[in-house]
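Coordinate analysis (summary)
Here is what each chain is made of, one letter per residue.
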Amino acid sequence: MTEESNFLYHTSCDQCGSRDNVAVYDDGHTYCFGCQHVTRENELTQTKTKNTDFITYDVNELTSRRIDYNTVQKFHYGTGEYFGRPCQVANYYNSDRELVAQKLRYPNKEFQWLGDAKRATLFGQQLWGSKGKMIVVTEGEIDALSVSKLWNNKFPVVSVKTGAAGAKKDLSKELEWLESFDSVVLCFDQDDAGKKAASECARLFSPNKAKICSLPLKDANEMLQQNKFKELTDCIWSAKPYRPDGIVDGKSLYDVVTAPTEEAVWDYPFEGMNEKLHGIRYGELITITAGTGSGKTSFVRELAS
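Treat the numbers as computed from the prediction; the structure is a model and nothing was measured.

Some remarks on the side chain of N221
With respect to the helices and strands, N221 occurs in helix α7 (residues 220-225). Taking relative accessible area as the criterion, N221 reaches 1% and is therefore assigned buried. A polar contact of 3.0 Å, which involves the side chain of N221, links it to the side chain of R65. Once residues lying within four places of it in the same chain are set aside, the contact partners of N221 are R65, I67, I142, D143 and S146.

Below is the structure:
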């Protein structure tokens, strides 16, 4: 069931009393990672799963977050109330730039979706066309606003919809669009969940496309609040291309390739090859390549004779 649904937000558990162990999914079910209690769609309250009417909101600068009016206005991010509860409102659009969902963020850090989150693209994706030099992907809406503010909202920045837990699934759905950029910089939170998600997401992309940004503080917005504007910019631009474990950068092998050659076990039957390759040694793989009819088979037979 969970393989076909998207994670939406964490909330409290009525069964075991935990504050945020319950994961709510967009197909209507919940799962508590504390007591393993599962709630089906028809058991959820209507306010959590059935409301689809969008709420109105005000656009104001987020003073405590140091995010200016122009940025929140561009991203259609605002503040409002839902059944008397104050919340921040992040608007989400589909590929046709139509409003299809709103993500509500409450002061206690609970989240709730209105509309159809499945149809929504990444937060802010409707603002940018395809193709470009670089796009930055953050773990949350506030971080996307923070990075965009750095560059006066002129360069592509988006956020995943469901945080670190659903980042891989979110990016997989928009992979074709993201691949149109020369590089994709993953600027996720610096906790264990964020680092794990960044590594998982980086594997989705073609070689050397994804870069993982490392920050000295928890996230992009904390960098903004600490006036580390230059440091945040430097971290993004200096992000290193992701390489899977076991893949070695050739630049780091200088000492290896310049080390004295081990003694050969067998000599090649050709003097010129021995001068170049210093014979055949254990632990080496030799690949013979050439065009069709160039004599590869004859050459290998000569080595085997």
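From this point on, the discussion continues.
What about the packing of helix α4 (residues 163-173) against helix α6 (residues 192-202)?
If you want to describe how two helices pack, look at the angle between their axes and the distance between the axes. It is at 8 Å that the axes of α4 and α6 come closest, and there the two elements cross at 15°. It follows that α4 is roughly parallel to α6 by the angle criterion. Handedness of the α4/α6 crossing: right-handed. Contact residues: A164, A167, K168 and L171 in α4; A193, G194, A197, E200 and C201 in α6. Looking at the contact of α4 with α6 residue by residue, the class counts come to six nonpolar, one polar and two charged.

Quick word on the sheet that holds strand β9 (residues 132-138)
Reading across from one edge, β10-β9-β11-β12-β13 is the order of the five strands in this open sheet, with mixed pairing throughout. Across the chains shown, the open sheet's two edge strands, defined by having one partner strand only, are β10 (157-159) and β13 (240-241). Seen against the sheet, helix α3 (residues 141-150) touches β9 and β10 and runs at an angle of roughly 170° to β10.

Details of α3
Within α3, nine of the ten residues are buried, leaving the element largely enclosed by the surrounding structure. Taken together, the buried positions of α3 are occupied by E141, I142, D143, A144, L145, S146, V147, S148 and L150. In the stretch just after α3, N152 is the one whose phi turns positive, near 55°.

Here's the deal with the pattern of salt bridges
All chains considered together, the criterion is met by eight salt bridges. With its nearest N and O atoms 3.2 Å apart, the salt bridge here joins K218 to D189. Within this pair, whereas K218 is found in the loop between β12 (210-212) and α7, its partner D189 is found in the loop between β11 (181-187) and α6, the two being separated by 29 residues in sequence. Judged by relative accessible area, K218 falls into the partly exposed class, the value being 40%. Accessibility expressed as a relative area gives 10% for D189, which makes it buried. Between E284 and R281 there is a salt bridge whose closest N-O contact spans 2.9 Å. Salt bridges here are not isolated pairs; linked through shared partners, they connect D189, K218 and D219.

Describing the sheet that holds strand β6 (residues 85-93)
Read across the sheet, four strands follow the order β5-β6-β7-β8 without closing on themselves; strand pairing throughout is antiparallel. The outermost strands of the open sheet, each flanked by one partner alone, are β5 (77-82) and β8 (111-115). Strand after strand, the sheet turns through a mean of 35° between neighbouring axes, direction not considered. Where β6 meets strand β7 (residues 99-105), six bridges bridge the pair, whose relative direction is antiparallel. Along β7, the bridge assignment pairs V89 with L104.

Topic: the nonpolar core
V136, V137, L145, L171, L178, F188 and I236 are the most contacted members of the largest nonpolar core, which totals 55 residues. Aside from chain neighbours lying at most four places away, what touches F188 is V137, T138, E139, V160, A167, G194, A197, A198 and C201. With seven residues, the next largest nonpolar core counts Y82, C87, V89 and L104 among its residues.

Digging into a nonpolar patch on the surface
On the surface, a cluster of nonpolar side chains totalling about 430 Å² of accessible area is made up of L253, Y254, V256 and V257. Looking at the secondary structure, you find V256 in helix α9 (residues 254-257).

Digging into α4
Because each turn of an α-helix spans 3.6 residues, side chains separated by three or four positions end up pointing in the same direction. Looking only at α4, the buried set comprises G163, A164, G166, A167, D170 and L171. Buried residues of α4, seen end-on, are gathered within an arc of 155° and therefore sit on one face of the element. Buried residues in α4 make contact with β9, α5 (175-179), β11 and α6.

Definitions and cut-offs
Residues numbered from 1 in each chain as written. Predicted model: local features only at pLDDT ≥ 70, side-chain atom pairs only at ≥ 80, totals over all residues. Heavy atoms only, no water. Helix = DSSP H or I, 4+ residues; strand = E, 2+ residues; numbered from the N terminus. Buried < 20%, exposed > 50% of the residue type's maximum accessible area, 1.4 Å probe, protein only. Polar contact = N/O pair within 3.5 Å; in protein donor to acceptor, adjacent residues only side chain to side chain. Contact = heavy atoms within 4.5 Å. Axes fitted to C-alpha atoms, helices over the stretch in contact; angles between N-to-C directions. Parallel < 35°, antiparallel > 145°, perpendicular 65-115°, else oblique. Left-handed = near helix turned anticlockwise from the far one by under 90°. Nonpolar A, V, L, I, M, F, W, Y, C, P; charged D, E, K, R; others polar. Pairing = 2+ DSSP bridges. Salt bridge = Lys/Arg side-chain N within 4 Å of Asp/Glu carboxyl O. Core = buried A, V, L, I, M, F, W, Y, C linked by side-chain atoms within 4.5 Å. Patch = residues over 30% accessible without salt bridge, like charges linked within 9 Å, V, L, I, M, F, W, Y side chains within 5 Å. Areas by Shrake-Rupley, 256 points an atom, 1.4 Å probe, with all protein chains shown as cover. Arc of directions from axis to C-beta.

Everything listed is a geometric property; what it means functionally is a separate question.
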